Each structure stands twice: as structure tokens, then as C-alpha cells.
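Residue strings, one per chain:
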Amino acid sequence: MGLVLPQEIVTERVLPTLRTELATALLERGWTQRAVAEQLGVTQAAVSGYASGKGTVDERLTDDPRFGETVDRLVEGFDSDDLDEYEAMAEIIELIRSFEDRGPICAIHEAEMPALEGLGCDICVRGADDAVAADRETLANVRRATRMLQTSDSIGAFVPNAGTNLGMARPNPIGPADVAAIPGRIHSVRGRIEVPGNPEFGASEHVSRMILAANEVDPTIRAACNLRTDDRLLEAARERGFETFAFDADYEDRTGRLRSAFETRATVPRVVYHEGAFGIEPIAYVLGESAVSVVDVVADLVTAETEP
């Protein structure tokens, strides 16, 4: 599905669900269909439809306690005549605003417009800004890079048994939530790269640690991909002028240890690896400015290694 505006979600989902719930509640209080129609500004035929169960109800809205609380206040106010149209409008607008701020409207919008998935979009409440644009660019870069992985005939042989991942941080990252990666892991199935889903922020732990450690020392490093440690791959990297750096496989304070090690070097090495440990598979990380540039390097290294 293409472009879907948030206003369409409000018009086609929120308001019909709200009218259905209000009409049903008022009818249960003994209101006539004509009185309900006049109060809600709809036709009597529409109210008849609500009464017969033909109204639109989106459970993603009604399951939110705020929806029921708003309906209860409106119905009580209408029934007691303590609520006028202006006050009712204010209640409804406030509900819509709260639902647009990472609420049910966002969930419905993402489902109907997949391009929003993983963005943490809050354009409805804050408007377009540079941060959202940067997030979109980061996610798009990871998506392009994963497609590049899928078209490679050689990378599959270097995917670890536990799977690989590919990540890229938004500018000035603070923690793993600032790194976009593939949920789950990328696997090689009969030599073919299988990507389980679209990138999301906060979807990776190990790749995020590596990116964050490198980025703190060199802010231009924002991306990484992990592969199986292989002597031939490391040699291909050295032949192309990339510095390789070995570190301890232990997970304890890995980010801090890597950051400290990087700080002692003139530049952050572009290929960082460990030889594994008990229960830890040997892994090598290729670092770079973007997910696409990282996959470019990865593809070059594995192609060089597999050439006759």
C-alpha cells in the first residue's frame, strides 16, 4: 500500500468507531435513534445500523483504556446534559492527539503504510524534523545493504552458524536503541541469504555494541556487519590495506573494553575479530560509515577470498 495520511486513519477508523460506541451506549440508556442521531450529527439510518451491529469498530482503538474512558465521559455528559458540543469536541480532539503520539493511530498507520515501520514516527504531534529524516535515511540505508547481501553469491559461506546481522546507527547514538538492524538474525540457507524482516531501531545487541564502541572514538563509524572469523577473510582484508584487530571474545563489558582499545590506536580498525571461546562462535566485524559501504567491503573481501 502507498501513501496513507494519518487524517485518513482518523476519518475512516477513529470517528466511525467512536460514533458506533457512543450510539450503542446512548441507546442502552434509553435514547431514541432520532435523539442519538441529532446528538452525534449523523442520520437516523446510520444509528439504526449501529443498533443492528453494522457499525465500524476497530478493536485496536477500543482495547485502549483511554478510548473507553472518553466514551464514558461523553455519554455521561450527554445524558446529564452537562456537556455541550464544544466540550465534547475538545474531549475527542484530546483523545485523537493522545492516540497520535505513539498510540493506536500510529499502530494502524504503520500497518496500512509499511514504509513507517521502525521509524518511531511522531510527525503528527511534532511535525517533520531533521531527526525523523535521519532515521528514515538510516533505515533505508540498511534496507539497501541487506538487498546487496541477498544478491551476493559468496557471502553466504561466511555467515556464522548463529546467523549474522547488519546495523547502522543514527547520528550521535547513545545506546542500542539508536542502532537500526534486522530483527532476529540473517541466516544462510543453502548458500542463499535469508533476511527475516525490515530493519528496526534497537533490534540488535552484539552489532550495536561494536558500532557504539567504535562511534565513541570515531563518529564517522556508524555501521557494522558480523561474519564468521576466517583466516582467508582476514588476509584478504590486510591485502587491501585494512587494519585488523583481535579482541577477547568475553561479553563482559565488551563495549567498554573495545572503546578503550580503540582509543589507544591512531584510527579505529575496519576489521575487528575474536577467535571465540567456550560457547562463543568466532566472529569478525567489518566497520564503516554506512551499512551500504560496509557491505561493499564485505562483498569485495569474500569475492577476493573465493576467486580461483
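Preceding this paragraph is the structure being described.
What you see is a predicted model; the values in this text were computed from it and never measured.

*Asks:* Before we move on, can you summarise the nonpolar core with the specific residues and values?
*Replies:* In terms of nonpolar packing, the biggest core is built from 33 residues, with L166, L227 and V298 touching the most fellow members. Counting only elements with at least two residues in this core, the list comes to α9 (130-151), β1 (166-169), β6 (223-228), α11 (231-239), β8 (271-273), β9 (283-288) and α13 (291-306). Take this core: its biggest share by element is eight residues, from α13. Grouped together as the second largest cluster of nonpolar side chains are 31 residues, V4, Y50, F99 and L116 included.

*Asks:* Quick one: what's the story with the sheet that holds β9, residue by residue and with numbers?
*Replies:* By way of backbone hydrogen bonds, the strands of a sheet pair with one another, either parallel or antiparallel. An order of β5-β2-β1-β6-β9-β8-β7 is seen for the seven strands of this open sheet, with the pairing classed as mixed. With one partner strand each, in any of the chains shown, β5 (200-201) and β7 (244-246) form the two edges of the open sheet. Contacts from helix α10 (residues 206-217) reach β1, β2 (179-181), β6, β8 and β9 within the one sheet, and its direction differs from that of β9 by about 50 degrees.

*Asks:* So what's going on with a negative patch on the surface? Residues and values would help.
*Replies:* Taken together, the side chains of D81, D82, D84, E85 and E87 define an acidic patch exposed on the protein surface. Relative to the helices and strands, D81 is located in the loop between α5 (65-80) and α6 (85-100).

*Asks:* Residue-level account of the packing of helix α1 (residues 6-28) against α5, with values.
*Replies:* At a minimum axis separation of 10 Å, α1 and α5 run at an interaxial angle of 50 degrees. Judged on the interaxial angle alone, α5 and α1 are oblique. Handedness of the α1/α5 crossing: right-handed. Residues T17, L18, E21, L22, A25 and L26 of α1 touch α5, and the partners they reach there are F67, V71, L74, V75 and F78. In the contact of α1 with α5, the residues fall into nine nonpolar, one polar and one charged.

*Asks:* Requested: an account of the pairing of β9, with residues and values cited.
*Replies:* Among the six residues of β9, six are classified as buried, and the element is accordingly described as predominantly covered. With burial as the criterion, each face of β9 is covered, one bearing I283, Y285 and L287 and the other bearing A284, V286 and G288. Bridging between β6 and β9 involves six bridges; their strand directions are antiparallel. Its bridge partner lying in β9, N226 is registered against Y285. Relative to β9, β8 is paired through three bridges, and the arrangement is antiparallel. The partner of V271 across the bridge, within β9, is V286.

Thresholds, definitions, all that
Residues numbered from 1 in each chain as written. Predicted model: local features only at pLDDT ≥ 70, side-chain atom pairs only at ≥ 80, totals over all residues. Heavy atoms only, no water. Core = buried A, V, L, I, M, F, W, Y, C linked by side-chain atoms within 4.5 Å. Buried < 20%, exposed > 50% of the residue type's maximum accessible area, 1.4 Å probe, protein only. Helix = DSSP H or I, 4+ residues; strand = E, 2+ residues; numbered from the N terminus. Pairing = 2+ DSSP bridges. Contact = heavy atoms within 4.5 Å. Axes fitted to C-alpha atoms, helices over the stretch in contact; angles between N-to-C directions. Patch = residues over 30% accessible without salt bridge, like charges linked within 9 Å, V, L, I, M, F, W, Y side chains within 5 Å. Areas by Shrake-Rupley, 256 points an atom, 1.4 Å probe, with all protein chains shown as cover. Salt bridge = Lys/Arg side-chain N within 4 Å of Asp/Glu carboxyl O. Lys, Arg positive; Asp, Glu negative; His and termini not counted. Charge placed at Lys NZ, Arg CZ, Asp CG, Glu CD. Parallel < 35°, antiparallel > 145°, perpendicular 65-115°, else oblique. Left-handed = near helix turned anticlockwise from the far one by under 90°. Nonpolar A, V, L, I, M, F, W, Y, C, P; charged D, E, K, R; others polar.

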